[in-house]
Amino acid sequence: SLEEYARVNRYLEGITAIESIGLRQLQDDIAVFGLRLRGSLDNVDRAIRLGGVLLPAERGDQMGQGALVSGPGDTRPVVLSYRLR
């Protein structure tokens, strides 16, 4: 829903290790966000997990995905998947 999208967007914007966020794809109940990171990928993943809004998705779980760009000057896409709690 629009409320769930806004909730996730606000949550990700509030993580200090994330420099910027943008919606890359929205299809059915899957949203793919592109993130530019200030911190390490591990720190961002840890912060996302600690907040309790998003939970790690099992492989093949289609509840949600997030595409992360790993850091300044590094444009290799890394995909981490989460589902809304």
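A short tour of the structure in this document, coming up.

Brief notes about the environment of Leu41
Checked against the element boundaries, Leu41 lands in helix α2 (residues 41–50). You can call Leu41 partly exposed: its relative accessible area is 22%. Put simply, Leu41 and Val78 are 37 residues apart on the chain and 8.9 Å apart in space, counted from C-alpha to C-alpha.

Points about the pairing of strand β1 (residues 18–27)
Two faces, one strand: in a regular strand the side chains alternate between the faces of the sheet. Across 8 bridges, β1 lies against strand β2 (residues 30–37) in antiparallel orientation. Bridged to Ser20 within β2 is Arg36. Remark: 2 residues form the turn of the hairpin made by β1 and β2, two consecutive strands paired antiparallel; Asp28 in that turn has positive phi of roughly 55°.

A closer look at the packing of aromatic side chains
Evaluation of the coordinates by the stated rule reveals 1 aromatic pair. For the pair Tyr5 and Phe33, a centre-to-centre distance of 5.9 Å together with 5° between the ring planes defines the contact as stacked. In this pair, Tyr5 is assigned in helix α1 (residues 2–13) and Phe33 in strand β2, connecting sequence segments 28 residues apart. Residue Tyr5 is classed as partly exposed on the basis of its relative accessible area of 29%. Judged by relative accessible area, Phe33 falls into the buried class, the value being 6%.

Procedures and definitions
Residues numbered from 1 in each chain as written. Predicted model: local features only at pLDDT ≥ 70, side-chain atom pairs only at ≥ 80, totals over all residues. Heavy atoms only, no water. Helix = DSSP H or I, 4+ residues; strand = E, 2+ residues; numbered from the N terminus. Buried < 20%, exposed > 50% of the residue type's maximum accessible area, 1.4 Å probe, protein only. Pairing = 2+ DSSP bridges. Phe/Tyr/Trp six-rings, centres within 6.5 Å; stacked < 30°, edge-to-face > 60°.

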